[in-house]
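Chain by chain, the residues:
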Amino acid sequence: MNTNFNITRRVALGLAVGAMALGVAGPAAAEANFSGKTVEWIIPFSAGGGSDTWARFNAPLLSKYLPGNPVVVVVNEPGGGSTKGTNLFAARAKPDGLTILGTSGSTQFPYLLGDPRVRYEYKDWKIAMASPTGGVVYTSPSLGLNGPEDIAMLKDKNLVYASQGATSLDLVPLLGFRLMDFDVQHVFGFKGRGDGRLAFERGEVNIDYQTSSAYLKSVQPLVDAGQAVPLFSWGVLNEAGEVVRDPTFPDLPSFVEAYETLTGAAPSGPEYDAYFAFFTAGFPAQKMVFLPGETPDEIVDAYQKAFEDMKADPDYQANADTVLGAYGQVTGVLAQALFEKGTTITPEIRAQVTGMLAAEYGVKLGE
Amino acid sequence: MVDTLLSALSALLTFQHLAYMFVGVGVGLMIGVIPGLGGIAGLSLLMPFLYGMEETAALAMLIGLVAVIPTSDTFSSVLMGIPGSSASQATVLDGFPLAREGQAARALSAAFISSMAGGIFGAVVLTGFVVIARPIILSFASAELFMLSLFGLSMVAVLAGRSLAKGLAACCIGLVIGSIGGAPATGEFRMIFGLEYLYDGIPLVIVGLGFFAIPEIADLLRKNSAIASGNALGSGWFQGFRDWWKNIWLSMRCAGIGCIIGAIPGLGGSVVDWIAYGHAVQTVKKDPKFGKGDIRGVIAPESANNAMQGGALLPTMLFGIPGSGAMAVFLGGMVLLGIQPGPSMVGADLNITYSVVWSLALANVMGAGICLALAIPISRLTQIPFQRLAPFMIVLICFAAFQATRSLADLVALLSLGVLGVLMKRFGWPRPALLIGYVLAPQAETYFYQALQFNSWSFLGRPGVIIIGLMTLASVFFGLRNRVDEHGHVVPNEDDAPDVPSFKAHLPQIVFAAAMAGLLLVALNDSLRHDFLGQIFPLSVSVVGLVMLAILMPQLVRGKIGHHAHFDAELTGDHVGQEGIGNLWGGLAWIAGLVGLTALIGFYAALLVFFPVFLWVRAKAGLLAVALMTIGCAGFILTLAWALSLNFPTGLLQDSIELPWPFR
């Protein structure tokens, strides 16, 4: 470990001493104590992406609220569409709470789809925190819509969507639009949702979605100027595991409500199950923090408590909206529920989705 | 707007802000000097410190870093012929010959002043343009972006070297390498041969270092002498300024090119230096000696690569779309500071934009000033016998290479491409043409497919497409008339090159060309297994490459003595017949040794063995020197790795036993 060289460690020690002096360090003997240790937070993505930013936002707060104030370093292990770093964690991490993993939808999707590069098993791990996200689907006013209530007008239109790839997070809109029976041409090869938004603004595509913070910052002005029409939000999961309206967009219907407007019935059946599995893995359970499965409960609890406690921190509150996109990070029962729903798929549904992707989009998972 | 501009300046001009900017500039200069390390590594170094920093100070620091990397990366390009980062590969072509002629001072001062001018130009463009850039950026749709990637590819015409067939074949090989990994249209994985490493394609830094740095190191290691003979720097500090002043319009044109390429999202700036270089070659009329040490070949890329950063900030701040890897990290930094990019950057947050603008301008001045001050001490390095410098360079390049995916596979890829690079250099295959192909392959394929999807073939009628198409044709026309290679101008093609009149002597280059044909056949064969959308690009490219080789082969086999297709540095290079020239493979063998040792005991332990052994056996250094240099290098690498919080690639040893960092 690189304990001898750390500059931040001095800061951490200072904080620890300060905390002791204030008498809030708590009884340390029976519980987990990371004093003088370094926690490596493996992020299977390169520096600068969404997951990296998310981890770097959380790392100093985690250091501040974990017992003993360990140094928390973000270790980027990019490659293989995030499977490489995750495999590394699965093979190497010890159950001592000193190596944790941050995953994203891009880590969950290959697992759910049965990508041959995946050598990790979510069920082997314990969850410390889940960080949900949401998004809003919107269209071009040139299609004749005035608002979410006109969604049925999309039925016979030729829709074009800028996609990052059929196995990327854009699998969720792909499955969602199929479920709604829209005629959508997915044009692949886009580098990110921002890239897709640019294509929308250029008029090359007429349906798009953005994650909440990007929607508020970049699409809301378009909506106000009459250049975009919001349709629905993907929605969020409540503790019962039901899709409900996204509290960030209380005036917009959720995907499920929009489906009901369109068909008159609630969505169900194997196609909905497939959509729901990937939706959960991509939005409500998009980013999660894991510890190896044999990790003692007191260490897992210490992490959960730290993630819970940091929410009151002024540093958290100052930037949480920009980094997390208006969604609080969750722990405990809800996190566990999201974890289970976002990493579970029946073999039949997996076969159905991969079969559809292969038949209609020529996707092979690189066997 | 003017008020905001001025208040942003006064906010920046406090001791604290300037001090933070100085930190950024300092880190940027250091990162730039080290070959292979670029903006991504530099920004990752600073990211952990961003937390809780004040906005203006933090932005000043980040911009300071981004702005000066293309300034200081000139050092190793000019002094050693090893590109300091991907932004100054083209600078090598004329900068290094100038240094060998004893005009390093002139080349460096011209480069730094060009960098500064380019950087300030970029800042000025950003100032005025940012307010109106939105509609202009939006006017570049997939169709126009496809045409721009064709325009970039048209630079191959000027960089194709003596044999056009060879140049185009090299470009096709670059395009094939660039198409390894997921196909943009279908996501199916091409040419991965069951290797997980190839799923994502080969990273740019590996291609750049493998083709440009390794062959130089291998070459320099063959001669047991210092890089510069005699006076390392020469005189000519003011000559450099005068050179720049005389070519100020060239410098400004290239700065403009740099800005535009940077500003258009999705094009990526990694070939901006080659495009600027190509532009200089196409347009300069007065006694050009490009490739042999023409100062304009230094001014052009150096003006463009700094200006590009200003341009690249436009899409990053306005749309949140990073134009390059470094800009992606910068964007992450902005979000950490609580700044969400978007339209508000020219509205409510205009002051942030303008503090970025001022930081950019000031950092460029700071960077150029510091580089000028450091030029004399740094250039002393070239008086050290290269075999003493070599282990540092090898270790640094390997260190830079495994930043890509942080695995042993990076080093293996580096070595393999290094072998290819050494052979291409030997047989006169133009590596710039290959690089341009490699960089633009994904763009050309993706945007072509998207343009067809969005507009079908009618995209060809769009006015923007027609304009860029005409520019491309002009570029090809002027390019073909002004072709250059590493040895200077090659047009008109005269078949009077020095040659050795024997078929046996030509055999190595014939075998190499056949091997390249084999490579293209493998690509062709692989492409046949894919769906139409996944196969069409590699299929067409490999067919074109094979046609070029079908033209080249008979020329190589039957061409008369001195035919322009013939080239083998081992037959006709400057070193042939000289005393004390080592084996072509000596340098590569050492690098292979380090890679092999890494596979056994992990990178850091391998370094601790490799370094003293090299100095002792190869450089014949004294015991004390070996010890001191090993400690220095090991300490430096350790500090850098710690600051970047990275684990070194592991070997078999680490699979069997537990070791503490940095050995694990």
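Residues numbered from 1 in each chain as written. Chains lettered and ligands numbered in written order. Predicted model: local features only at pLDDT ≥ 70, side-chain atom pairs only at ≥ 80, totals over all residues. Heavy atoms only, no water.

1. Considering the domain arrangement of chain B
Here chain B is partitioned into domain 1 (2–224 + 237–399 + 426–483), domain 2 (493–573) and domain 3 (586–656). Distance between the C-alpha centres of domain 2 of chain B and domain 3 of chain B: 37 Å. (Domains from an automatic or database assignment.)

2. A short note on the packing of helix α6 (residues 89–100) of chain B against helix α7 (residues 104–138) of chain B
The interhelical angle for the contact between α6 of chain B and α7 of chain B, taken along N-to-C directions, is 145°, at an axis separation of 7 Å. When α6 of chain B is examined against α7 of chain B, the residues G95, L98 and A99 of chain B are found in contact with a partner set consisting of A104, R106 and A107 of chain B. (Axes fitted to C-alpha atoms, helices over the stretch in contact; angles between N-to-C directions. Helix = DSSP H or I, 4+ residues; strand = E, 2+ residues; numbered from the N terminus. Contact = heavy atoms within 4.5 Å.)

3. Re the interface of chain B and chain A
Between chain B and chain A, the contact holds 57 residues from the first and 58 residues from the second. Carbon and sulfur atoms make up 53% of the surface buried where chain B meets chain A, a total of about 4,700 Å² over both sides. By the criterion of area lost to chain A, the three top residues of chain B are Y51, F454 and W642 of chain B, representing 16% of everything that side buries. Where chain B meets chain A, there are four salt bridges. Residues E201 of chain A and R134 of chain B are paired through a salt bridge, measuring 2.4 Å at the closest nitrogen-oxygen approach. Mapped onto the side of chain B that touches chain A, the elements with two or more residues apiece are α3 (39–50), α7, α8 (142–154), α16 (325–336), α20 (431–455) and α27 (623–643) of chain B. Looking at side-chain class alone, the side of chain B that touches chain A contains 29 nonpolar, 18 polar and 10 charged residues. (Buried area = accessible area lost by both parts, 1.4 Å probe. Salt bridge = Lys/Arg side-chain N within 4 Å of Asp/Glu carboxyl O. Nonpolar A, V, L, I, M, F, W, Y, C, P; charged D, E, K, R; others polar.)

4. A look at the packing of aromatic side chains
Going through the model one piece at a time under the given rule, you end up with 60 aromatic pairs over all chains. With a centroid separation of 6.3 Å and an interplanar angle of 45°, the aromatic rings of F177 of chain A and F182 of chain A are classed as tilted. As far as the burial class goes, F177 of chain A and F182 of chain A line up, both buried. With centroids separated by 5.0 Å and ring planes inclined at 70°, the aromatic side chains of F402 of chain B and F603 of chain B adopt a geometry described as edge-to-face. One end of the pair, F402 of chain B, is in the loop between α18 (386–401) and α19 (408–426); the other, F603 of chain B, is in helix α26 (residues 603–618), with 201 residues separating them in the sequence. Residue F402 of chain B is classed as buried on the basis of its relative accessible area, which comes to 0%. (Phe/Tyr/Trp six-rings, centres within 6.5 Å; stacked < 30°, edge-to-face > 60°. Buried < 20%, exposed > 50% of the residue type's maximum accessible area, 1.4 Å probe, protein only.)

5. Describing a nonpolar patch on the surface
All names here are of chain B. On the surface, M1, V2, L6, V131, I132 and I136 cluster together into a nonpolar patch covering about 530 Å² of accessible area. Elements that contribute at least two residues to the nonpolar patch include exactly α1 (2–12) and α7. Per-element accounting of the nonpolar patch gives the leading share, three residues, to α7. Considering the arrangement of structural elements, one finds V2 in helix α1. Residue class for V2 comes out exposed when judged on its relative accessible area of 53%. (Patch = residues over 30% accessible without salt bridge, like charges linked within 9 Å, V, L, I, M, F, W, Y side chains within 5 Å. Areas by Shrake-Rupley, 256 points an atom, 1.4 Å probe, with all protein chains shown as cover.)

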